[in-house]
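Breakdown of the fold
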Amino acid sequence: MENRSQWGTRLGFLLAAMGSAIGLGNIWRFPATAYENGGGAFFIPYLFALLTAGIPFLIMEYTIGHKYRSSAPRSLGRISKGFEWVGWWQVLVSFVISTYYAVIIAWAIMYAYFSFGQQWGDDTTGFYVGEFLQVADAGVLGGLVPMIAIPLVVVWLVVLGILFKGVKKGIEVANKIFIPLLAVLFVIIVIRALTLPGAVDGLNAFFEPNWDQIWNGSVWVAAYGQIFFSLSIAFAIMITYSSYLPKKSDITNNAFITGFANSSFELLAGIGVFAALGFMAQASGQGVTDVVQGGVMLAFSVFPEIVNQMPFMSDIFGFLFFASLTLAGLSSLISISETYVAGVSEKFNISRTKSVLLGGGLAAIISFLYATKGGLNYLDTVDYFINNYGVALAGLFEVVAIAWFARELKGLQSHANSVSDIKLGTWWRICLGFITPVVLGYMMLQNLKNEIV
Ligand code: PHE
Ligand code: NA
């Protein structure tokens with residue numbers, strides 16, 4: 001336990017935490033979510049959620065990891081023996097996510113390649129849902145190997161290779177390369193998008209506030225849901241990452257930096273995506289509303305269409321977009337996979353190498369199921385349940401266990417305050433002991449209600 005791996009530098013930890021937070025959620029989830037939930041008015045519930053739940057929860061997770069210096073299951077088990085399972089639940093959710101995150105990254109790699117010469121053709125939706133997924137299925141080597149298997153193998157080799165190397169030489173080094181590179185590529189994309197004709201229409205649509213929406217409970221649920229997913233909270237990730245912090249670490253400040261960096265990237269993505277959508281609406285003679293999409297359809301159907309319409313250097317634009325998606329995805333996939341690598345190696349007292357092979361190997365094998373015929377359907381179903389139940393439940397279990405059952409908030413508060421410049425006050429315990437459980441509970445009920453209706 002004493003020679004636990006450590007981050008080499010504070011910046012290394014911050015970049016790794018940002019790498020986890022900044023992901024597909026920022027690029028393809030946030031823009032459409034904000035647009036559909038009040039546009040400019042969404043920023044109020046969003047900021048509220050960031051400050052009353054997101055950052056307080058992140059401070060709590062950083063403190064747990066730093067104080068108990070173990071992966072999520074063991075850290076939570078140390079707070080109270082009965083709570084180890086909460087950590088395992090989170091690890092399981094992360095494991096499941098990792099199996100399909102890898103596939104999406106493999107798609108992004110394929111599309112980065114397709115960008116050259118717009119190999120997706122004129123009917124981008126048809127290509128994606130039809131040809132691409134079929135071709136991906138049809139494969140190479142006389143049809144023996146699905147084509148998507150090649151980038152998928154690459155993704156896992158990269159991720160498992162990085163995890164083999166460990167915290168400092170693997171995860172930290174990778175994020176020190178990926179995240180600055182991602183920032184540069186993404187800024188180029190946003191600038192290019194902003195200079196396209198029609199960009200202003202997109203921005204107007206995005207920022208136009210729909211104030212009525214503020215009184216709509218589901219808008220608030222969407223805001224809290226976005227914050228939880230986007231900050232990689234309650235996925236066992238942030239506890240694991242902060243368990244590698246040295247004794248002297250300003251936890252609270254680190255949490256604020258991570259939270260604001262993630263939200264800045266989210267805002268930047270919203271601007272870039274909507275500028276591009278505004279251009280596409282104009283080029284195709286439609287309204288912005290008609291072209292707004294989120295999720296895989298935004299990335300693999302709308303963006304190729306945007307690239308098709310672009311006046312010049314469209315190949316590069318497409319390539320940069322899918323390269324960004326790949327980098328953002330990889331740094332998140334590394335963090336999710338580290339949760340079970342750390343959890344399993346601690347639980348069964350085996351080496352990192354063995355737990356990477358076991359956990360990562362199993363995740364890799366399962367991920368190939370999505371690459372087969374009908375795989376997209378599994379992916380959608382799994383993603384739906386993870387988003388609607390996995391995350392909210394994991395957050396609810398964790399905060400209720402710590403605040404209400406173990407009554408551990410005061411202890412965590414004094415631990416955080418002993419190492420941080422910003423001192424936590426009662427407000428922090430109110431956010432976690434009251435606001436967060438109420439919101440997460442309400443979120444669960446809403447989701448269940450929607451299920452029945
Ligand atoms: N936080 C990541 C994002 O915004 C998503 C993610 C969730 C990553 C869970 C890892 C684990 O895209
Ligand atoms: Na995010």
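Residues numbered from 1 in each chain as written. Chains lettered and ligands numbered in written order. Predicted model: local features only at pLDDT ≥ 70, side-chain atom pairs only at ≥ 80, totals over all residues.

The secondary structure content of the chain amounts to 19 helices and zero strands. What you see for the chain is a C-alpha radius of gyration of 21 Å, in line with the 22 Å of a compact globule of 453 residues. Taking the principal axes of its C-alpha atoms as reference, the chain extends roughly 60 × 55 × 45 Å. Taking all 453 residues of the chain together, 54% fall into the buried category. (Helix = DSSP H or I, 4+ residues; strand = E, 2+ residues; numbered from the N terminus. Rg over C-alpha atoms; globule rule 2.2 N^0.38 Å. Buried ≥ 20, exposed ≤ 12 C-beta atoms within 10 Å, placed from the backbone.)

Here we take up the confidence of the model for the chain. Of all residues in the chain, 96% have pLDDT values of 70 or greater, and the mean over the chain is 94. Scoring the predicted complex yields pTM 0.96 and, for the interface, ipTM 0.97. (pLDDT = per-residue confidence, 0-100.)

Moving on to the packing of helix α3 (residues 43-68) against helix α18 (residues 409-419). Running from amino to carboxyl end, α3 crosses α18 at an angle of 80 degrees, the nearest separation of the two axes being 10 Å. By the angle between their directions, the pair α3 and α18 is classed as roughly perpendicular. The residues of α18 that touch α3, namely those facing I59, M60, T63, I64 and K67, are L412, H415 and A416. Of the residues assigned to the contact of α3 with α18, the class counts are five nonpolar, two polar and one charged. (Axes fitted to C-alpha atoms, helices over the stretch in contact; angles between N-to-C directions. Parallel < 35°, antiparallel > 145°, perpendicular 65-115°, else oblique. Contact = placed C-beta atoms within 7 Å. Nonpolar A, V, L, I, M, F, W, Y, C, P; charged D, E, K, R; others polar.)

Moving on, we get to the nonpolar core. If you look at the biggest cluster of nonpolar residues, it comprises 156 residues, and the most contacted ones within it are I59, I105, A106 and Y224. Looking at which element gives the most residues to this core, the answer is helix α5 (residues 84-114), with 19 residues. Every residue in contact with I59, bar those within four places of it in the chain, is listed here: I251, T252, A255, A416, L424 and W428. (Core = buried A, V, L, I, M, F, W, Y, C linked by C-beta atoms within 7 Å.)

Okay, the packing of helix α4 (residues 72-79) against helix α15 (residues 314-347) next. With their axes 8 Å apart at the nearest point, α4 and α15 run at an angle of 60 degrees to one another. Overall, the two elements α4 and α15 adopt an arrangement that is oblique. Mapping the contact onto sequence places A72, P73 and R74 in α4 and T339, G343, E346 and K347 in α15. Among the residues making up the contact of α4 with α15, the classes are represented as two nonpolar, two polar and three charged.

Neighbouring ligand 1 are 15 residues; G23, G25, S230, S232 and S332 lie closest to it. Elements represented by at least two residues in the shell around ligand 1 include exactly α1 (10-21), α2 (24-36), α10 (217-230) and α15. In terms of residue class, the shell around ligand 1 is built from seven nonpolar, eight polar and no charged. (Near = placed C-beta within 6 Å.)

For α4, the tally of buried residues reaches seven of eight residues, placing the bulk of the element in the interior. All of the buried residues along α4 are A72, P73, R74, S75, L76, G77 and I79.

When the terminal C-alpha atoms of α3 are compared, their 35 Å separation across 26 residues agrees well with the 38 Å that a helix rising 1.5 Å per residue should span. Remark: the principal bend of α3, roughly 40 degrees, maps to L50. A positive phi of about 50 degrees marks R69, the residue just after α3. (Expected span 1.5 Å × (residues − 1). Bend = angle between axes of the 7 residues up to and from the residue.)

This part takes up unusual backbone geometry. Non-glycine residue A236 carries a positive phi angle of around 75 degrees. Examined against the element boundaries, A236 turns out to sit in the loop between α10 and α11 (237-242). What makes A236 buried here is the crowd of 34 C-beta atoms within 10 Å. Even without a glycine there, the phi angle at R407 is positive, about 50 degrees.

For S314, the location among the structural elements is in helix α15. Look at S314 and you get partly exposed, because 17 C-beta atoms sit within 10 Å. Sequence separation between S314 and S230 is 84 residues; the distance between their C-alpha atoms is 29 Å.

Glancing now at the environment of D250. Summarising the element assignment, D250 is placed in the loop between α11 and α12 (251-283). Measuring from C-alpha to C-alpha, the distance between D250 and V419 comes to 5.6 Å, with 169 residues separating the pair along the chain. Contacts of D250, omitting those with residues within four sequence positions, involve V419, S420 and D421.

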